[in-house]
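Spelled out from the first residue to the last, the chains are:
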Amino acid sequence: MEDLRAIDIAAIEKLGFLPRDYVSWLYQHGWGEIAPARYMLYSAPIPLTEFHADAPSHLWAFGDDFSGISGCFSSNGDASVYEWDSSVSQVLPSNKRFQEFLATYDPAL
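Basis of the calculations
Residues numbered from 1 in each chain as written. Predicted model: local features only at pLDDT ≥ 70, side-chain atom pairs only at ≥ 80, totals over all residues. Heavy atoms only, no water. Pairing = 2+ DSSP bridges. Helix = DSSP H or I, 4+ residues; strand = E, 2+ residues; numbered from the N terminus. Axes fitted to C-alpha atoms, helices over the stretch in contact; angles between N-to-C directions. Contact = heavy atoms within 4.5 Å. Core = buried A, V, L, I, M, F, W, Y, C linked by side-chain atoms within 4.5 Å. Buried < 20%, exposed > 50% of the residue type's maximum accessible area, 1.4 Å probe, protein only. Salt bridge = Lys/Arg side-chain N within 4 Å of Asp/Glu carboxyl O.

A. Highlighting the sheet that holds strand S5 (residues 82-85). Taken in spatial order, the 6 strands make up an open sheet running S1-S2-S3-S4-S5-S6, and their pairing is antiparallel. Each edge of the sheet is formed by a strand with only one pairing partner; in this case those strands are strand S1 (32-34) and strand S6 (90-93). On average, each strand axis in the sheet is inclined to that of its neighbour by 35 degrees, with strand direction left out of account. Where strand S3 (residues 59-64) meets strand S4 (residues 69-74), 5 bridges bridge the pair, whose relative direction is antiparallel. Within S4, the residue paired with Gly 63 across the bridge is Gly 71. Running at roughly 120 degrees to strand S2 (residues 39-47), helix H2 (residues 20-29) makes contact with S1, S2, S3 and S4 of the sheet.

And the structure:
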């Protein structure tokens, strides 16, 4: 995992809708690969429309599974993880919070 600088964390917090457990994870652990080749956590959330023009504008990607499925948060601030399946351009609710979602890729977390 790669550390984030305090200035990066401050910029992420300014978005205002991100779940506390996500911001806390970045602060404590940084960003990078979760379990070898299982999941990539980005250094900051990115509007999903930057990757996929047909994606809903309220979704912000925080990572991906190396296979076309992006983990996202909604700017509505509900703190749930959503998954964007780029192969079918569909949003799927995971019904999980961030920590629980990461544990599906690495149970040791």
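B. Inspection of the nonpolar core at higher detail. Tyr 22, Leu 26, Leu 41, Phe 62 and Phe 98 are the most contacted members of the largest nonpolar core, which totals 20 residues. A total of 4 residues in this core trace back to one element, the largest contributor, which is H2. Not counting residues within four places of it along the chain, the set of residues in contact with Tyr 22 comprises Ile 12, Ala 44, Pro 45, Phe 62, Phe 73 and Phe 98. Ranked by size, the runner-up nonpolar core spans 8 residues in total, among them Leu 59, Ala 61, Tyr 82 and Trp 84.

C. Local environment of the environment of Leu 18. Of note, Leu 18 is situated in the loop between helix H1 (6-13) and H2. Sequence spacing of Leu 18 and Phe 101 is 83 residues, and the spatial spacing of their C-alpha atoms is 15 Å. Excluding residues within four positions of it along the chain, Leu 18 makes contact with Ile 12, Val 23, Pro 45 and Phe 73.

D. Region of the structure containing the pattern of salt bridges. Scanning the model with the defined rule gives 2 salt bridges in all. With a closest N to O distance of 3.4 Å, Arg 5 and Asp 8 form a salt bridge. For the salt bridge of Arg 97 with Asp 21, the shortest nitrogen-to-oxygen distance reads 3.9 Å. A residue pair is termed long-range when its members are at least 10 positions apart, and Arg 97 in the loop between S6 and helix H4 (98-103) and Asp 21 in helix H2 qualify at 76 residues.

E. Focus on the side chain of Glu 83. Here Glu 83 is to be found in strand S5. Beyond its immediate chain neighbours, meaning those up to four positions away, Glu 83 contacts Ile 69, Ser 70, Gln 90, Val 91, Leu 92, Ser 94, Phe 101 and Tyr 105.

F. Focus on the pairing of S3. The buried fraction of S3 amounts to 6 of the 6 residues, a majority that puts the element mostly inside the structure. Taken together, the 4 bridges between S2 and S3 define a ladder with antiparallel strand orientation. For Ile 46, the partnering residue across the bridge sits in S3 and is Ala 61. In sequence, S3 turns back onto S4 through a hairpin of 4 residues, with Phe 66 there showing a positive phi of about 65 degrees.

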